[in-house]
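Results of the structural survey
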Amino acid sequence: MRVVTTAQPLDVQPTPLALLLLGREADPKSERGVECPGDLPSPSDPNLVKRARAAKEKLGDKVFILGHHYQRDEVIEFADVTGDSFKLAKDAAAKPEAEYIVFCGVHFMAESADILTSDDQKVVLPDLAAGCSMADMATAEQVAECWDVLTEAGVAGDTVPVSYMNSSADIKAFTGKHGGTICTSSNAKKALEWAFEQGEKILFLPDQHLGRNTAVRDMGMSLDDCVLYNPHKPNGGLTAEQLRNAKMILWRGHCSVHGRFSVDSVEDVRARIPGVNVLVHPECKHEVVAAADYVGSTEYIIKMLEAAPAGSKWAIGTELNLVRRLANRFAAEDKEVVFLDKTVCFCSTMNRIDLPHLVWTLESLAEGTLVNRIQVDKETESFAKLALERMLALP
């Protein structure tokens, strides 16, 4: 159960699928959930930057602003720290003197920050409709039903759940309650290795691609070792025999941004830019990962470009805000960085957090009004933290 409190009425009521899709043109080749908006609009008020600075200065050490790598530049400008979701949650926990943690990211990230921070700290999400389509693809009810299916097939006792960081607090709590662990895109292999020491099978939630890529690419399993559980089909669309024979039971979820990259994208960029290095996130489809030169997390992508020689060329398969920021950063070092796909595509839910929302949040807090607090109930927090602690104990 997730509890959201706000001190004043909102125009948007948060729901599991409260998404604002930017733009109108969809790519029929991409996975469900992708809209391609072209360029982002400019801030509506030219005084917003000045107002944001004034509110942040007034709050002083009482506020700590976290900026996910996929945020707009106008938001990143005001972030005290940047990083991926887990790094930011840990950064918040390491700042106990900050009364307000303003998380410029999406809902599950703010939940993780609330789980890891003290009871005295208040985590705020500037727009409650900033969700994550991947996280929304696995609800607590669906996962409980899946566990019943595994129980009826006689495999639940041998199955260890491993949930990606990009999941709701409810799913993290389920994982902790059933002896499992959380993983990030950086430590997924270690998490799977740990899980196979505890049981014979893994239920991987909610991103099928990260689970499949880690099992096959990093651990030497075959695609036949993996089955796909579809929560919208009876028994997940699988037979008891398929569940008994599988090593990896993958949840049918995906990232709407990373799911749009294709082998055609890779082949096209290689034809357009001779000698280009293709670097993609492991949330991409298996065939895209297989066609790439390098695969790794957001932090890995940044470090690869930092270490790259001058004159090198890179096509990056991840969210466009980050790719564009990296392209600008490394242009001075004579490194060419381009977006892997020709169609411009932002993460529409991440981009709900814009400068107007951030200004409203900071000014409200500066006036003593707590808005958009994200608060996980104690029972959920307890089991979710247990799963996170198992991850932190990984070698």
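The rules we used
Residues numbered from 1 in each chain as written. Predicted model: local features only at pLDDT ≥ 70, side-chain atom pairs only at ≥ 80, totals over all residues. Heavy atoms only, no water. pLDDT = per-residue confidence, 0-100. Contact = heavy atoms within 4.5 Å. Pairing = 2+ DSSP bridges. Helix = DSSP H or I, 4+ residues; strand = E, 2+ residues; numbered from the N terminus. Phe/Tyr/Trp six-rings, centres within 6.5 Å; stacked < 30°, edge-to-face > 60°. Buried < 20%, exposed > 50% of the residue type's maximum accessible area, 1.4 Å probe, protein only. Axes fitted to C-alpha atoms, helices over the stretch in contact; angles between N-to-C directions.

1. Some remarks on the confidence of the model for the chain
Per-residue confidence for the chain gives a mean pLDDT of 88; residues scoring 70 or more make up 88%. Predicted confidence is poor over residues 1-38, with pLDDT under 50, and the contacts of this stretch with residues over four places away or in other chains come to 88 contacts.

2. Notes on the sheet that holds strand β13 (residues 313-317)
Ordered by their spatial adjacency, four strands build an open sheet running β12-β11-β13-β14, and the pairing between neighbours is parallel. At either end of the open sheet lies a strand with only one pairing partner, and these are β12 (294-295) and β14 (336-339). Here four bridges tie strand β11 (residues 277-280) to β13, and the two strands are oriented parallel to one another. Its bridge partner lying in β13, Asn277 is registered against Trp314.

3. With respect to the packing of aromatic side chains
Enumeration according to the criterion identifies four aromatic pairs in this entry. Residues Trp147 and Phe174 carry aromatic rings whose centres are separated by 5.6 Å and whose planes lie at 80 degrees to one another, so their mutual orientation is edge-to-face. Pair noted here: Trp147 is in helix α5 (residues 140-152) and Phe174 is in helix α6 (residues 169-177), with a separation of 27 residues, a long-range link. Ring geometry for Tyr229 versus Trp251: centroids 5.3 Å apart, planes at 25 degrees, classification stacked. Of this pair, Tyr229 sits in strand β9 (residues 226-229) while Trp251 is found in strand β10 (residues 248-251), placing the two residues 22 residues apart along the sequence. Neither Tyr229 nor Trp251 differs from the other in exposure class; each is buried.

4. With respect to unusual backbone geometry
A cis amide bond links Leu205 to the next residue, Pro206, at an omega of -20 degrees. Assignment of secondary structure puts Pro206 in the loop between β8 (201-205) and α8 (208-218). Although it is not a glycine, Asp334 adopts a positive phi angle of roughly 60 degrees. With respect to the helices and strands, the residue Asp334 is situated in the loop between α13 (320-331) and β14. A residue is classified by how much of its surface remains accessible, and Asp334, at 52% relative accessible area, is exposed. Of note in the backbone geometry, Asn372 takes a positive phi value of approximately 50 degrees without being a glycine. Take Asn372: it is sitting in the loop between α14 (355-366) and β15 (373-376).

5. Topic: the sheet that holds β8
On the basis of which strands lie adjacent, the open sheet formed by five strands has the order β7-β6-β8-β10-β9 and parallel pairing. The outermost strands of the open sheet, each flanked by one partner alone, are β7 (181-183) and β9. In this sheet, neighbouring strand axes are inclined to one another by 25 degrees on average, regardless of whether the strands run parallel or antiparallel. Sheet topology note: the strand β6 (residues 159-164)/β7 ladder contains three bridges and is parallel. Of the residues in β7, the one forming a bridge with Val162 is Thr181. Contacting β6, β7 and β8, α6 runs over the sheet at an angle of about 150 degrees to β6. The sheet strands contacting α8 are β6, β7, β8, β9 and β10, and the helix crosses β10 at an angle near 155 degrees.

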